[in-house]
Amino acid sequence: MKPLNSVVSACPPSGIRRFFDIAAQMDDVISLGVGEPDFVTPWRVREAGIYALEHGATTYTSNAGLLRLRELVCEELASRYQVSYAPEGDCVITAGVSEGLDLTLRVLLEPGEEVLVPEPCYVAYQPCVSFAGGIPVPVSTSAEDGFRIRPETIEAAVTERTKAILIGSPANPTGAVQTRADLTALVELAERHDLYLISDEIYARLTYTGAHTCLSALPGARERTVLLGGFSKAHAMTGWRVGYLCAPRPVADLCLRMHQYTMLCAPHVSQLAAVEALQAGADDVAEMVSDYDRRRRVFVKGLREIGLDCPEPGGAFYAFPSIRSTGLDSETFAERLLHTHRVAVVPGSVFGAPGEGHIRCSYATALPLLEEALERMATFLDECSS
Ligand code: PLP
């Protein structure tokens, strides 16, 4: 047989999935490995989905998505962050941020163009850049620096082939939230070098230590930023596959063109459920966010008490403690912890080289399980040091 696509063949399978698969075959595992809410979608949103099915919402929608949903998305962005997008023209409803990211990269990139990607980062960023024909250029951030994306470090990595900077704030896997000052400086450097900014704001509603800064709302940013958002995390809707992208008109136009041919539209029922989430889901989101915050405080304090240094995660639902004190690499740590004490975490190395020496723990897990996981980890750490 002729060889398969070389770029896809060269891409390793996701390191997170591997741990999932091992954990799924074991009993009594506490999983801190998954990147999704442990809440089921709030009832009013599920009910809207059921109602939609009962009433025959089984067709395609317009390619850009239901106008009502686009209007609600744009209204929310305008009222929360004072950034203005036209529902007809600047906004496309996608099958999650995942599809939005893929469309954006394929629309922005010519073969061989570079995208700067601060690491540690979400596992899909670099493969998606490669799949779109681009070259991901990792830029390190560090725990000592609170995983700050320093504009000067980014600027040092710019070449004549650089086309875009791809960031997520709040971030997976670190929970880091970038400051308004750093983001403003990032926009200024994007203007200086004429770069696009791709801003994954899927965790925008999950911030605990201050208000979210929407990148495209910063001065000068809107015309060079693609804003990606969704329902998976804050509304606990991972399985519905619905999100959105908002972009300057020429970019949004081409994303829509691509989406027309590749996806047609996001699932109709999911779009109607998302309408309900935006219209009536504010209290549900607030309740889940305050629950995550409670767990975050207990869990981070607990990690520090058992001897793991943990930078303060200001957003998302991940803690990213250092395991350097054990002398183990993150892969060995995660494998041993899983096999000996049945706690599943993700080795930091799967999020890029600067993630080594850390593990990602999701605290989107019930409090009693988090407490039990901390006890098991404490025993494991005792064994490591004896
Ligand atoms: N972006 C980040 C940073 C994520 O952590 C995830 C999922 O874990 C996604 C995007 C995927 O989002 P969606 O479910 O909207 O495709």
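Note that the coordinates shown come from a computational prediction; the quantities given were computed from them, not determined experimentally.

Peer 1: Sorry, what's going on with the sheet that holds strand E3 (residues 114-119) here?
Peer 2: Think of a sheet as strands paired side by side through backbone hydrogen bonds, with each pair either parallel or antiparallel. One open sheet accounts for seven strands, arranged E2-E8-E7-E6-E5-E3-E4; its pairing is mixed. Sheet topology places strand E2 (91-94) and strand E4 (135-140) at the edges, where each strand pairs with a single neighbour. Neighbour-to-neighbour, the strand axes of the sheet open up by a mean angle of 20°, direction not taken into account. Alignment of E3 against strand E5 (residues 162-168), held across three bridges, turns out to be parallel. Looking across to E5, one finds that glutamate 114 is bridged to threonine 162. In the packing of helix H8 (residues 180-193) onto the sheet, contacts are made with E5 and strand E6 (196-200), and the angle to E5 comes to roughly 165°.

Peer 1: So what exactly am I meant to see when it comes to the packing of aromatic side chains here?
Peer 2: How two aromatic rings sit relative to each other is given by the distance of their centres and the angle of their planes. On inspection of all chains with the given rule, the structure shows 10 aromatic pairs. Ring geometry for phenylalanine 333 against phenylalanine 380: centres 5.1 Å apart, planes inclined by 85°, an arrangement best described as edge-to-face. Taken together, the residues phenylalanine 333 in helix H12 (residues 330-341) and phenylalanine 380 in helix H13 (residues 367-385) connect sequence positions 47 residues apart. For the pair phenylalanine 333 and phenylalanine 380, one class covers both residues: buried. Put simply, the rings of Phe39, Tyr203, Tyr292, Phe317 and Tyr318 touch in pairs and so form one group of aromatic residues.

Peer 1: In this structure, what is going on with the site of the ligand? I would like to understand it.
Peer 2: Around the ligand sit 13 residues in total, of which Ser98, Asp200, Ser232, Lys233 and Arg241 are the nearest. Here valine 97 contributes a backbone N or O atom positioned 2.7 Å from an oxygen atom of the ligand. Take the shell around the ligand: its biggest share by element is three residues, from helix H5 (residues 96-108). Classifying every residue of the shell around the ligand by side-chain character gives five nonpolar, five polar and three charged.

Peer 1: Would you explain the packing of helix H4 (residues 67-81) against helix H10 (residues 268-280) in this entry?
Peer 2: A pair of packed helices is captured by two measures, namely the crossing angle of their axes and the spacing between those axes. Following both chains from N to C, one finds H4 and H10 inclined at 35°, their axes separated by 9 Å at the closest point. Handedness of the crossing formed by H4 with H10: left-handed. Contacts between H4 and H10 involve Arg68, Leu69, Leu72, Val73 and Glu76 from the former and Gln271, Ala274, Val275, Leu278 and Gln279 from the latter.

Peer 1: For this particular structure, what's the right way to read the packing of helix H3 (residues 43-54) against H10?
Peer 2: The interhelical angle for the contact between H3 and H10, taken along N-to-C directions, is 140°, at an axis separation of 8 Å. Taken as axis vectors, H3 and H10 run oblique relative to one another. Helix-helix and strand crossings are classified by hand; for H3 and H10 the assignment is right-handed. Residues Arg44, Val45, Ala48, Gly49, Ala52 and Leu53 of H3 pack against Val269, Leu272, Ala273, Glu276, Ala277 and Ala280 of H10.

Peer 1: Would you take a moment to explain the sheet that holds strand E9 (residues 318-319) for this structure?
Peer 2: On the basis of which strands lie adjacent, the open sheet formed by three strands has the order E9-E12-E11 and antiparallel pairing. A strand with exactly one partner marks an edge of an open sheet, and here the two such strands are E9 and strand E11 (346-347).

Peer 1: I keep staring at the environment of glutamate 276 and nothing clicks. Help me out?
Peer 2: Along the chain, the position of glutamate 276 falls in helix H10. Judged by relative accessible area, glutamate 276 falls into the partly exposed class, the value being 22%. Separated by 228 residues in the primary sequence, glutamate 276 and alanine 48 have C-alpha atoms spaced 6.5 Å apart. Residue contacts for glutamate 276: discarding those within four places in its chain leaves Arg44, Val45, Ala48 and Gly281.

Peer 1: Even after reading the chapter, I still don't get the pairing of E4, so can you show me in this structure?
Peer 2: Within a regular strand, the side chains alternate between the two sheet faces. Strand direction decides the pairing type here: E3 and E4, joined by six bridges, are parallel. In the strand pairing of E4, glutamate 114 is matched with isoleucine 135. The parallel pair E3 and E4 is bridged by helix H6 (residues 125-131), and the resulting crossover is right-handed.

Peer 1: What exactly am I supposed to notice about the nonpolar core here?
Peer 2: Across soluble globular proteins, nonpolar side chains have a tendency to be buried as a group. Grouped together as the largest cluster of nonpolar side chains are 69 residues, with contacts concentrated most on Leu32, Leu105 and Phe299. Ranked by residue count, the leading element in this core is helix H11 (residues 282-305), at seven residues. Dropping the residues within four chain positions of it, phenylalanine 299 is found in contact with Leu32, Ala319, Cys361, Tyr363, Leu370 and Leu374. If you look at the next biggest cluster of nonpolar residues, it comprises 28 residues, including Tyr85, Val242, Ala273 and Leu278.

What counts as what
- Residues numbered from 1 in each chain as written.
- Predicted model: local features only at pLDDT ≥ 70, side-chain atom pairs only at ≥ 80, totals over all residues.
- Heavy atoms only, no water.
- Pairing = 2+ DSSP bridges.
- Helix = DSSP H or I, 4+ residues; strand = E, 2+ residues; numbered from the N terminus.
- Axes fitted to C-alpha atoms, helices over the stretch in contact; angles between N-to-C directions.
- Contact = heavy atoms within 4.5 Å.
- Phe/Tyr/Trp six-rings, centres within 6.5 Å; stacked < 30°, edge-to-face > 60°.
- Buried < 20%, exposed > 50% of the residue type's maximum accessible area, 1.4 Å probe, protein only.
- Near = heavy atom within 4 Å.
- Polar contact = N/O pair within 3.5 Å; in protein donor to acceptor, adjacent residues only side chain to side chain.
- Nonpolar A, V, L, I, M, F, W, Y, C, P; charged D, E, K, R; others polar.
- Left-handed = near helix turned anticlockwise from the far one by under 90°.
- Parallel < 35°, antiparallel > 145°, perpendicular 65-115°, else oblique.
- Right-handed = clockwise from strand over helix to strand, strands pointing away.
- Core = buried A, V, L, I, M, F, W, Y, C linked by side-chain atoms within 4.5 Å.

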